Amino acid sequence: MPASALPELEELHRLIELGGTHLDAQTMCKIAMGSHQFDVLAVTMGTRDPGAPAIGFFGGVHGLERIGAEVVLAYLGSLVHRLKWDKALHDLLADVRLVFMPLVNPGGLWQGTRANPHGVDLMRNAPIDAKEDVPFLIGGQRLSATLPWYRGPERAPMEEESYALCQVVEQSLLTSPFSAAIDCHSGFGVQDRIWFPFAHTTEPIAHLAELHALHRIFDQTHAHHRYVFEPQSVHYLTHGDLWDHLYLLGRERHPQHIFLPLTLEMGSWIWVKKNPRQLFTRHGIFNPLIAHRQQRVLRRHMALLDFMTRAVASHSRWQPDEHERDLHHRQALARWYPELPKSRRSGLVRPK
């Protein structure tokens, strides 16, 4: 592959080579773009114990949002370089499995589009329909691939990239008794947000208590952070959300396991506000174009990704017991679902 083909993929291959035997790389599929062929890679490091906790880091699902891929690559790069000298890191990796998919949609990154080369928005491509009304177009549509947020043809198989992501999650995360994922995106707004499911319904997730406990220890550990932690349904509902699909799949196949999928939505209007000229470029709306701002973004989110790794590895120390679950559940409902009727609150399914 020519050096100029896709810099992010070049960097990923470099890190895989640098990590040597500490990393296990698997090509999930290949995406052809003219004379180029791009690998969709999954990289694993840490323990191979199937009973160990696991966490996945995902980026580049939307090709326009290069900063998401860059954040995941920066964290992977930090870990790879620390392998040479950091004993504490080796101790941590003995207890937890880390999975990386920094470039889920290399074709979209190559052509500078949100969708993949077939015009399909991968975050609208899962076989799940919203239970309530979704906003026109943005909630997912099957009218045409020439319009944004295209879901793909009805009853068609999932796109290769979506299927590859699902395979990685099913094989490496859902099989663990405790796992989490963080999918890095950039989005409109002036605040960085951490979203959790659901996107297809306003109903709360079954593991709401665990999410509230995770949020609490994050607040306590990073007292002055700038993240807004909330369900995606606060803003809008969508069809075909991959993380809703995978969470429900985990509940069906591994009902005793806990899987907490999160989405980091970096507030791209922060960068546009400081550099309004970015509005006139397609990439500028979703990515910091000035070097020092990009570096600041990468530094800022390293703390979040490192926290998530440590929280998953140490989940038994903060995961609520049965008595604490009830308290966390009530507090979470009051915090994130204040308008949910009491009749619906009492009927919520809670994991045993």
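Per chain, residue numbering runs from 1 following the sequence as it is written. Under the rules for a predicted model, residues below a pLDDT of 70 receive no local features and side-chain atom pairs below 80 are neither given nor counted, while totals for whole chains, interfaces and linings still include all residues. Neither water nor hydrogens contribute to the side-chain values; these are computed over all heavy atoms in the structure.

I'm lost on the pairing of strand S3 (residues 54-59) in this one. Help?
Walk down a regular strand and you will see the side chains alternate between the two sheet faces. With six of six residues buried, S3 is to be regarded as a mostly interior element. For each residue, the accessible area found with a 1.4 Å probe, counting protein chains only, is set against the maximum for its type, and the residue is called buried under 20%, exposed over 50%, and partly exposed in between. Only DSSP runs of H or I reaching four residues or more are called helices, and only runs of E reaching two or more are called strands; each is numbered from the N terminus. Across the two faces of S3 the burial is the same, with Ala54, Gly56 and Phe58 and Ile55, Phe57 and Gly59 all buried. Of the pairings in the sheet, the one linking S3 to strand S4 (residues 97-101) comprises five bridges and is parallel in character. For phenylalanine 58, the partnering residue across the bridge sits in S4 and is methionine 101. Both S3 and strand S5 (residues 178-187) contribute to a ladder of six bridges, which runs parallel. Its bridge partner being in S5, isoleucine 55 is matched across the sheet by alanine 180. DSSP calls a pair of strands paired once it identifies at least 2 bridges connecting them.

What's the story with the nonpolar core in this structure? I'm lost.
Most often, soluble globular proteins have nonpolar side chains that are buried together. In terms of nonpolar packing, the biggest core is built from 96 residues, with Phe100 and Leu165 touching the most fellow members. Of all the elements, helix H2 (residues 66-82) adds the most residues to this core, at nine residues. By definition in these notes, contact holds between two residues if any of their heavy atoms fall within 4.5 Å. Filtering out sequence-adjacent residues up to four positions away, leucine 165 remains in contact with Phe58, Val61, Met101, Val104, Leu242, Trp243 and Leu246. Nonpolar core, defined: a set of buried Ala, Val, Leu, Ile, Met, Phe, Trp, Tyr and Cys residues in which side-chain atoms within 4.5 Å join the residues together.

Help me out: how do you make sense of helix H5 (residues 160-172) in this one?
A turn of α-helix holds 3.6 residues, and therefore any two residues three or four places apart point the same way. Helix length check: H5, at 13 residues, gives a terminal C-alpha distance of 18 Å against a target of 18 Å (1.5 Å per residue), a fit within 8%. Counting buried positions along H5 yields ten of 13 residues, so the element is predominantly enclosed. Looking at the buried side of H5, the elements it contacts are strand S1 (24-33), strand S2 (36-46), S3, S4, helix H7 (242-253) and strand S8 (258-267). One less than the residue count of a helix, multiplied by 1.5 Å, gives the span that helix is expected to have.

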